[in-house]
Amino acid sequence: MSTTYHEDVSPGSGTLPPRAGYARSDAMSLSLNGSWRFRLSPTADGADYSFAAPGYDSGAWDEVAVPGHWVLQGHGAPIYTNHLYPFPVDPPRVPTENPTGDHLRTFDLPARWPGSGEAVLRFDGVESCARVWLNGEELGEFKGSRLPHEFAVGALLRAEGNVLAVRVHQWSSGSYLEDQDQWWMPGIFRDVTLLHRPDGAAGDFFVHAAYDHRSGRGTLRVDSAVPGRVTVPELGLDLAAGDEAVVEADPWTAETPRLYDGELATAGERIPLRIGFRTVLVEDGVIKVNGRRILFRGVNRHEFHPETGRTLDLETMRADVVLMKQHNINAVRTSHYPPHPAFLDLCDELGLWVVDECDLETHGFTEQDWRANPVDDERWTPALLDRAARMVERDKNHPSVVVWSLGNECGTGRGLTAMADWIRGRDPERLIHYEGDLSCADTDMYSRMYASHAEVAAIGRREDDGPPERLQLPFVLCEYAHAMGNGPGGLSEYQQLFEAHARNQGGFVWEWIDHGLAHPEFGYAYGGDFGEELHDGNFVCDGLLFPDRTPSPGLVEYKKVIQPVGIEGVRTDGDRTEGGGAAVRITNKYDFTDLSHLTFEWSFDVDGETAETGVLDVPVLAPGERADLELPAPAYAGRNAETRWTVRALLADGTRHEVAWAQLPAAPRQSPPVAPGSRPRRDGQSVVLGPASFDARTGELRTIGPVDIRQLRLDVWRAPTDNDNGADWQSGVRYGQRWRELGLHRMQHRLDAVELSDDALTVRTRVAPAAQDIALVTAYRWTSDGARLRLTVSVAPEGEWTAPLPRLGIRFGLPAGADSVSWFGGGPGEAYPDTRSASRLGRWHSSVDGLQTPYVRPQENGARADVRWAEVGGVRVEGDPEFWFTARRWTSEQLDAAEHRTDLRPAGPVWVNLDHAQQGIGSQSCGPRPLDQHQLAAEPAEFTFTFAPVPDPGAE
Ligand code: GAL
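Residues numbered from 1 in each chain as written. Predicted model: local features only at pLDDT ≥ 70, side-chain atom pairs only at ≥ 80, totals over all residues. Heavy atoms only, no water.

S.K.: I tried to follow the overall build of the protein on my own but got confused; where do I start?
M.R.: A tally of regular secondary structure across the protein gives 11 helices and 59 strands. Relative to the globule expectation of 30 Å for 956 residues, the C-alpha radius of gyration of the protein, 32 Å, shows essentially globular dimensions. A principal-axis box enclosing the C-alpha atoms of the protein has dimensions of 105 × 65 × 55 Å. A burial count over the protein gives 60% of its 956 residues as buried. A fraction of 73% describes how many contacts in the protein between residues 6 or more apart in sequence connect residues 24 or more apart. Carbon and sulfur atoms form 48% of the exposed surface of the protein, whose accessible area is close to 35,000 Å². The average position of the 92 basic charges and that of the 141 acidic charges among the side chains of the protein differ by 4 Å. (Helix = DSSP H or I, 4+ residues; strand = E, 2+ residues; numbered from the N terminus. Rg over C-alpha atoms; globule rule 2.2 N^0.38 Å. Buried < 20%, exposed > 50% of the residue type's maximum accessible area, 1.4 Å probe, protein only. Contact = heavy atoms within 4.5 Å. Areas by Shrake-Rupley, 256 points an atom, 1.4 Å probe, with all protein chains shown as cover. Lys, Arg positive; Asp, Glu negative; His and termini not counted. Charge placed at Lys NZ, Arg CZ, Asp CG, Glu CD.)

S.K.: Help me understand the sheet that holds strand β47 (residues 707-708), please; the structure alone is not making it clear to me.
M.R.: Pairing between sheet strands relies on hydrogen bonds along the backbone, with the strands arranged either parallel or antiparallel. Judged by pairing direction, the sheet is antiparallel, and its five strands sit side by side in the order β43-β44-β45-β46-β47 without closing on themselves. Two strands lie at the open edges of the sheet, namely β43 (681-683) and β47, each paired on one side alone. With three bridges connecting them, β43 and strand β44 (residues 686-689) associate as antiparallel partners. Counterpart to Arg-682 in the pairing with β44 is Val-687. (Pairing = 2+ DSSP bridges.)

S.K.: What am I meant to see in the pattern of salt bridges here?
M.R.: For side chains of opposite charge, pairing can occur when their charged atoms come near one another. Inspection of every chain in the model, using the stated rule, returns 80 salt bridges. For Glu-269, the salt bridge goes to Arg-197, with nearest N and O atoms at 2.8 Å. A residue pair is termed long-range when its members are at least 10 positions apart, and Glu-269 in the loop between β21 (260-266) and β22 (270-275) and Arg-197 in strand β15 (residues 192-197) qualify at 72 residues. Taking relative accessible area as the criterion, Arg-197 reaches 9% and is therefore assigned buried. Measuring nitrogen to oxygen at the nearest pair gives 3.5 Å for the salt bridge that ties Glu-860 to Arg-888. Of this pair, Glu-860 sits in the loop between β55 (840-847) and β56 (864-872) while Arg-888 sits in strand β57 (residues 875-888), and the two are 28 residues apart along the sequence. Bridged by salt links that share partners, the residues Glu-127, Arg-146, Glu-178, Arg-310, Asp-359 and Arg-387 form one connected network. (Salt bridge = Lys/Arg side-chain N within 4 Å of Asp/Glu carboxyl O.)

S.K.: Just to check I follow, could you spell out the environment of Thr-587 for this structure?
M.R.: In this fold, Thr-587 is placed in strand β37 (residues 583-588). Given the relative accessible area of 15%, Thr-587 is considered buried. C-alpha separation for the pair Thr-587 and Arg-214, spaced 373 residues apart in sequence, amounts to 25 Å. Contacts of Thr-587, omitting those with residues within four sequence positions, involve Pro-564, Val-565, Gly-566, Glu-568, Glu-625 and Arg-626.

S.K.: Is there a simple way to think about the pairing of β22 in this case?
M.R.: For a regular strand, the rule is simple: side chains alternate between the two faces of the sheet. Side chains Ile-271, Leu-273 and Ile-275 of β22 all project onto a buried face; the interleaved residues Arg-270, Pro-272 and Arg-274 project onto a face where none is buried. Across six bridges, the pairing between β21 and β22 is antiparallel. Residue pairing in the sheet places Leu-264 in a bridge with Ile-271 of β22. Where β21 hands over to β22, the hairpin turn is made up of three residues, counted between the paired strands.

S.K.: Help me understand helix α4 (residues 414-426), please; the structure alone is not making it clear to me.
M.R.: Along an α-helix, a turn takes 3.6 residues, which lines up residues three or four apart on a common side. Taking 1.5 Å of rise per residue, the 13 residues of α4 would be expected to cover 18 Å, and the 18 Å separating its terminal C-alpha atoms lies within 8% of that figure. Among the residues of α4, Gly-415, Leu-416, Met-419, Ala-420 and Ile-423 are the ones counted as buried. On an axial view of α4, the arc spanned by its buried residues comes to 140 degrees, and they lie on one face. Its buried side turned inward, α4 meets α3 (381-395), β29 (401-405) and β30 (431-433). (Expected span 1.5 Å × (residues − 1). Arc of directions from axis to C-beta.)

S.K.: Please clarify how the sheet that holds strand β39 (residues 609-616) should be interpreted in this entry.
M.R.: With antiparallel pairing, four strands are arranged side by side in an open sheet as β39-β38-β41-β42. The sheet is open, and its two borders are formed by β39 and β42 (658-665), each paired with just one other strand. Sheet twist, expressed as the average angle between the axes of neighbouring strands with direction ignored, equals 20 degrees. (Axes fitted to C-alpha atoms, helices over the stretch in contact; angles between N-to-C directions.)

S.K.: Explain the environment of Pro-233 to me, please; I cannot follow it from the model alone.
M.R.: Considering the arrangement of structural elements, one finds Pro-233 in the loop between β18 (228-232) and β19 (237-240). Linking Pro-233 and His-149, residues 84 residues apart in sequence, is a C-alpha distance of 33 Å.

S.K.: What exactly am I supposed to notice about the packing of α3 against α4 here?
M.R.: Helix packing geometry: the angle between the two helix axes and the distance between the axes. Look at α3 against α4: their axes get within 9 Å of each other, and the N-to-C directions meet at 35 degrees. Note that α3 runs across α4; the crossing there is right-handed. Each of Thr-381, Leu-384, Leu-385, Ala-388, Ala-389, Val-392 and Glu-393 in α3 lies in contact with α4, whose residues at this interface are Gly-415, Leu-416, Ala-418, Met-419, Trp-422, Ile-423 and Arg-426. Of the residues belonging to the contact of α3 with α4, the class tally is 10 nonpolar, two polar and two charged. (Left-handed = near helix turned anticlockwise from the far one by under 90°. Nonpolar A, V, L, I, M, F, W, Y, C, P; charged D, E, K, R; others polar.)

S.K.: Help me understand the packing of aromatic side chains in this model?
M.R.: One pair of aromatic rings is described through two measures. These are the centre distance and the angle between the planes. Under the criterion given, the structure shown has 42 aromatic pairs. Centroid distance Phe-87 to Tyr-176: 5.2 Å. Interplanar angle 80 degrees. Geometry classified as edge-to-face. With Phe-87 in the loop between β5 (79-81) and β6 (97-107) and Tyr-176 in the loop between β12 (162-169) and β13 (182-184), this residue pair connects regions lying 89 residues apart in the sequence. Each ring, one from Phe-296 and one from Phe-508, has its centre 5.3 Å from the other, and the planes form 40 degrees; the classification is tilted. Of this pair, Phe-296 sits in strand β26 (residues 296-300) while Phe-508 sits in strand β33 (residues 504-509); the two residues are 212 residues apart in sequence, bridging distant segments of the chain. Each member of the pair, Phe-296 as well as Phe-508, carries the same accessibility label: buried. (Phe/Tyr/Trp six-rings, centres within 6.5 Å; stacked < 30°, edge-to-face > 60°.)

S.K.: So what exactly am I meant to see when it comes to the state of the cysteines here?
M.R.: Simply put, disulfide is the name for a covalent bond between the sulfur atoms of two cysteines. In the structure shown here, the tally under the stated rule is zero disulfides. In this structure Cys-347 is a free cysteine whose sulfur lies 17 Å from that of Cys-358, the closest cysteine sulfur available. Judged by relative accessible area, Cys-347 falls into the buried class, the value being 0%. A relative accessible area of 0% places Cys-358 in the buried class. (Disulfide = S-S within 2.5 Å.)

S.K.: Would you mind showing me how to read the environment of Gln-933 here?
M.R.: Its place among the elements puts Gln-933 in the loop between β58 (910-918) and β59 (941-949). Sequence-wise, Gln-933 and Val-763 are 170 residues apart; in three dimensions their C-alpha atoms are separated by 32 Å.

S.K.: Looking at this structure, how should I read the side chain of Thr-311?
M.R.: Examined against the element boundaries, Thr-311 turns out to sit in the loop between β26 and α1 (314-326). Polar contacts involving the side chain of Thr-311 include one to the main-chain carbonyl oxygen of Phe-189, which spans 2.9 Å. Ignoring sequence-local partners within four residues, the contact set of Thr-311 consists of Pro-67, Gly-68, His-69, Phe-189 and His-305. (Polar contact = N/O pair within 3.5 Å; in protein donor to acceptor, adjacent residues only side chain to side chain.)

S.K.: Help me understand the domain arrangement of the protein in this model?
M.R.: Reports of interface size often rely on the accessible area that becomes lost once the parts have come together. For the protein, the assigned domains read domain 1 (5-197), domain 2 (205-279), domain 3 (282-354 + 388-404 + 420-561), domain 4 (583-667) and domain 5 (681-949). Just the C-alpha atoms count here: the centres of domain 1 and domain 2 sit 35 Å apart. Contact with domain 1, which involves seven residues of that partner, is made by five residues of domain 2. Of the residues contributing to the side of domain 1 that touches domain 2, the split by class is three nonpolar, one polar and three charged. (Domains from an automatic or database assignment.)

S.K.: How should the site of the ligand be read in this particular structure?
M.R.: With respect to spatial proximity, 13 residues lie near the ligand, and among them Asp-181, His-336, Glu-409, Glu-479 and His-482 are the closest. Side-chain polar atom of His-336 to an oxygen atom of the ligand: 2.6 Å apart, as the coordinates give it. Within the side chain of Asn-408, one N or O atom sits 2.8 Å away from an oxygen atom of the ligand. Within the complex, the protein chains bury 96% of what would otherwise be the 310 Å² of accessible surface of the ligand. Per-class residue counts for the shell around the ligand are five nonpolar, four polar and four charged. (Near = heavy atom within 4 Å.)

S.K.: So what exactly am I meant to see when it comes to unusual backbone geometry here?
M.R.: Excluding glycine, a negative phi dihedral is what most residues carry, and trans is how most peptide bonds are arranged. Cis geometry is found at the peptide bond from Glu-127 to Ser-128, where omega equals -5 degrees. The residue Ser-128 is located in the loop between β8 (126-127) and β9 (129-134) in this model. A positive phi is found at Asp-369, a non-glycine position, where the angle reads about 50 degrees. Following the sequence through the fold, Asp-369 ends up in the loop between β28 (353-357) and α3. Although it is not a glycine, Arg-656 sits at a positive phi angle of roughly 55 degrees. Here Arg-656 shows up in the loop between β41 (643-651) and β42.

S.K.: What should I look at first to understand the nonpolar core in this one?
M.R.: Among soluble globular proteins, nonpolar side chains are generally buried collectively. Judged by nonpolar contacts, the single largest core of 116 residues is most densely connected at Leu-121, Leu-164 and Leu-194. Here this core gathers at least three residues from each of two domains, domain 1 (5-197) and domain 3 (282-354 + 388-404 + 420-561). In this structure Leu-194 touches Met-28, Ser-29, Leu-30, Leu-32, Phe-107, Leu-109, Trp-113, Ala-119, Val-120, Leu-121, Val-153 and Leu-157, once residues within four positions along its chain are discounted. Counting residues in each nonpolar core, the second largest holds 59 residues, with Leu-689, Val-716, Val-767 and Leu-914 among its members. (Core = buried A, V, L, I, M, F, W, Y, C linked by side-chain atoms within 4.5 Å.)

S.K.: In this structure, what is going on with the packing of helix α5 (residues 453-460) against helix α7 (residues 491-500)? I would like to understand it.
M.R.: It is the contact of α5 with α7, at a shortest axis distance of 10 Å, that shows an interaxial angle of 5 degrees. Viewed along their axes, α5 and α7 adopt a mutual orientation that is roughly parallel. Where α5 abuts α7, its residues His-453, Val-456 and Ala-457 lie against Glu-493, Tyr-494, Leu-497 and Phe-498. Looking at the contact of α5 with α7 residue by residue, the classes come out as five nonpolar, one polar and one charged. (Parallel < 35°, antiparallel > 145°, perpendicular 65-115°, else oblique.)

S.K.: How should the confidence of the model for the protein be read in this particular structure?
M.R.: Reading fine detail from the predicted coordinates is not recommended where pLDDT is low. For the protein, the mean per-residue pLDDT works out to 96, and 98% of the residues sit at or above 70. The model gives residues 575-579 a pLDDT under 50, and that stretch makes five contacts with residues more than four places away or in other chains. (pLDDT = per-residue confidence, 0-100.)

Rendered as structure tokens:
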């Protein structure tokens, strides 16, 4: 055996051919997970092979948990790069410095282990190259980190004292094929199992279960390498493997994951089958399952846990699927490798469309114009085909898998075509996806990532230019809406394009979860936090879930945007003169199910509080159908309140889980006028106006009632979000950088005049950054009716503004004790101009800390939209028009300076921002900037706030 096997392009040697995966059978198995002896060497040949021999004394070695990554267990450190290889590109060679982990464990066979038959040793995932010995005999070596590998070991097994030795190299030729955007984390990170293979055991088998939507019948045929019988008691089926049966059956879909329990019995083994009947094809230029167009409401899922990396336990996998289902997600792309097989069992059971992606990415070759790209070099083709086969053979019996994906970001090449040809030959019943080849020569769908709304609209109309054959293909966005930090913005506008054009079959948000690794100092670590010399910072934290799997506002927004029930007002304005009362339109946006699993409830809200509730009778609506339903006349008879309807669709299964909702305005808000009446009067160094006092010289507000106010003034700065910092794909502009160049983070406030009149105190200022001739000429006009204080801010830009404003409003400090916040407006979570679909109008309460969104890299967050009034720290503020409310225990400048959450420490006042407007969020961290309608141009503006002292419930 050469010592350079890890640098040779072959996939390995000594392993068994790939075969169908299954979780269990009646054959015995022994898990070899657990604590293993471990020794780390700095190079691939750092230590000799004597450890593999029985009798070796590993007493001085450390221990690691298998499955696991040694870099997360105190040996070495993880490295994060997006697409750059963290080693010189010289395929297939890798660096001499090649952390190599020797793993060792001994085991006895259980007493009941049969005396006859074969045995197979299975590794479900080892990164990136393993060489294996059992009882001193070398079994072989393999690459392909997230793919299963098996060895026949029966002849070597002993009843007691078996010695299993595995040498794992971090870097191998396989690393060139595994350049996914994630942490590099070596180790035996998935299960290791010893499987008994009785005489007459099953070999490979392939369940073909099609569904004919015209006849309502399923066709079942199980091809088996070993003769056997297939039974499905519920369907009365008992047939030989290889034979076909046609039966009345319910179809499997992601919405109705109907599985039939069956069994494949060979002479020596019985394997449970979970059969789902479904047929997927492209017809009339769209993807159809069981005869209907489907819409992917998807996410890209990497396997990730903040403590254990890509080692996931079953509960975590189940939590992922349950969370997806609870958030109306119906599809998952297993970016960018086949997941742990148990995840696919859960997708079958709970219902998700799966795009199963091969463990293949060579993105780093883009740095050299794709020269020497392994996917276009036939020496590598056997390795590519090996990867394709290991994925397809393992996962082919999952009804949830409807699409095979060749890999991600590999450029183009003959190797990909070879993979596609092989897959099509082996499994013509599924579709093929690959994004990186615009010709779509090998694929069944046109796929893109991060295309702009305008482009998606053109594609939807089949007006994009490209090869004519491509125009006939369905379209998916395999990645869009980059969920890095605050955002993504623009989801609702994408969804409209998916619903408007049959060709646009939805997409997969990038991505499911932030890959922030638990860290004693930083809370969650990202690229660079382990001292990597080359890294891509927090680009690894771009998920809809925070690392601890709490949903981010992005997930809450996505759930609302993709809700499968449309709820719109048809007549809600309370106009009773023509055609009666208010009405709501309910549309069934499911692809397969009617709405009988839902109950509908309405409430009538008066000034944000529920006044009446009731049940809405919605007729059974088939997919695509809609109905207009009258809402009952509300008993409420008042005139001045703001009123609205809230209509909600809840699961009827007793959980009352909310699937969809909408609010329909009835009577609009009337803003209460505050008559000027009080006269400002001088009192020594102060000016007193109604409940407030001001500094007479500067015009600065000092107190409202008993509450001290600090530094109230115009504010345009926000701590740039990851999306603000990204480069717009069209113009290359980075707003965060542009804002800093302009100096918007250090605006100076020049005092031009303090004017006292009969009924007002007016303070005139010019707000401008050093070194620039642009400015916002700002007047603060204060009036009072005696009890309340009213501020009208007028802003007029001067000079040529070449960038949007981050925000436009005022900021002030409240005493540090301010804590309890109540408001009437959007909630409960944060919202920005293009992330506000899930913001629900009502009365909300929170602590100041509860308003913060814990983005792994601190940045602007926590605004509440459409706020009518808010109370905090003994002050009530009402807006005209409504405003964006933000409060935090640190300034925007401190937020901006922080790199981790642990840098944020409350010190001093609670800072409150009342914004008239906010710049949109967009998806610029990897994609398009905010749409034009969500840009905040520097333009003349005027807005008003009314302040009054109120008792502070939080004060001691
Ligand atoms: C895509 C890539 C993903 C990820 C994303 C940005 O280009 O396929 O793996 O890197 O960009 O987060």
